[in-house]
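# Summary of structural features
Here is what each chain is made of, one letter per residue.
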Amino acid sequence: ETRLKEGIVKLQPQEEPLRSELLSGKFTVLSVRDPTGASIALYTAKLHHPNKTGNHVVLQALFYLLDRAVESFETQRNGLVFIYDMAGSNYTNFELDLSKKILNLLKGAFPARLKKVLIVGAPVWFRVPYNLLSLLLKEKLRERVQMVKMAELRQHLPRDCLPQHLGGLLPLDASGWNQQLLAGQNGRVDPVDELVGIPLEDSSIHMPGPESMRPQELLAHLGRLQRSGVYQEYEELRREAPPGTFHCAQAAYNQEKNRYGDVLCLDQTRVRLKPCRNEVRSSSKAQTESRTLPRSFS
């Protein structure tokens, strides 16, 4: 959806201007992973010159390299760490609109968990646009975005995961590494392009089941039902017995953890959370009180 919105329907990495953008070294996915197995992506701000390269081409390069990264099951499972290197950059290298699009891509359109965004060596002038960008982020994602000094970067990543110019031990040849990714494709069609290229108005990328409808059939069905029929169908679905139980989601100490009050998670498929410290204390206190109650109250 994001690629369609940005008009990036078919990537041609071996053709200009995308090829030059990929080989510029501005953006790359490092050849190493962090200790948890997450991929590490690096964007070097000082290499971006808005008067020479438009946002459209930069986004094409990001999409192409992130697509290559997410082909790995390890990246899908362990996520992505994004380093935004602003060392040596100035205001002419920065575009607020491009930064917004990159953040929106990482937070909502990339099919792997964004573990953290480390903004390194941010100049003083960056604080104002950073405050504007922060307003666009949900609190959960805002906590993962941190501005750090070069010396503080090693508190987040070990030296063997960092390029030498960022105080690490990794020799960085971004254009050479990206060249290997280009060669690895060897003219093959990008599988994501095949999905994006499907016209949405008359096709579906989903495998149809025995009771499924195509988009046009669904529109016709809703037209026949009208609003009252949709409400009636919804009520009929609500009266159906659920395919499991909701004991944990309905427990008093879990009420604040449910994302939605009226859409509970099944016991059989729920995500098991570790108890908070205050929950452990209150649980122990409740057990102690139950043991010390008079027999008439037991």
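Note that the coordinates shown come from a computational prediction; the quantities given were computed from them, not determined experimentally. (Residues numbered from 1 in each chain as written. Predicted model: local features only at pLDDT ≥ 70, side-chain atom pairs only at ≥ 80, totals over all residues. Heavy atoms only, no water.)

## Observations concerning the pattern of salt bridges
Cut-off, in case you're wondering: Here, a salt bridge means any side-chain nitrogen of Lys or Arg that lies within 4 Å of a carboxyl oxygen of Asp or Glu. Throughout, exposure labels follow a simple rule: accessible area from a 1.4 Å probe, protein chains only, divided by the maximum for the residue type, with under 20% read as buried, over 50% as exposed, and the rest as partly exposed.
Scanning the entire structure with this criterion turns up three salt bridges. In this structure, the salt-bridge partner of Lys-26 is Glu-21, at a minimum N-O distance of 2.9 Å. The pair Lys-26 / Glu-21 is uniform in exposure class, with both members buried. Close ionic contact of Lys-101 with Asp-97 constitutes a salt bridge, the shortest N to O distance being 3.7 Å.

## A short note on the sheet that holds strand β4 (residues 114-120)
Defined as follows: Two strands are counted as paired when DSSP detects at least two bridges linking them. Counting from the N terminus, the helices are the DSSP runs of H or I reaching at least four residues and the strands are the DSSP runs of E reaching at least two. Helix axes are fitted only over the stretch in contact, all axes being lines through C-alpha atoms; the angle between N-to-C directions runs from 0 to 180 degrees. We call two residues in contact whenever any of their non-hydrogen atoms come within 4.5 Å of each other.
Read from one edge of the open sheet, five strands run β1-β2-β3-β4-β5, paired in mixed fashion. Only two strands of the sheet have a single neighbouring strand rather than two, namely β1 (27-33) and β5 (145-148). On average, each strand axis in the sheet is tilted by 25° relative to the strand beside it, whichever way the strands run. Strand contacts of helix α3 (residues 55-70): β1, β2 (39-44) and β3 (80-85), with the helix running at about 20° to β1, the strand carrying the most contacts.

## A short note on the nonpolar core
Using the following cut-off: Grouping buried Ala, Val, Leu, Ile, Met, Phe, Trp, Tyr and Cys residues that are joined through side-chain atoms within 4.5 Å yields what is termed a nonpolar core.
Ranked by internal contacts, the top residues of the largest apolar core, which has 41 residues, are Phe-27, Tyr-43, Phe-82, Tyr-84, Ile-102 and Ile-119. When contributions to this core are tallied by element, the ones reaching two or more residues are α2 (18-23), β1, β2, α3, β3, α5 (96-108), β4 and α6 (127-135). For this core, the element with the most residues is α3, which contributes ten residues. By size, the runner-up hydrophobic cluster in this structure holds 15 residues, among which are Ala-38, Ile-83, Val-120 and Leu-153.

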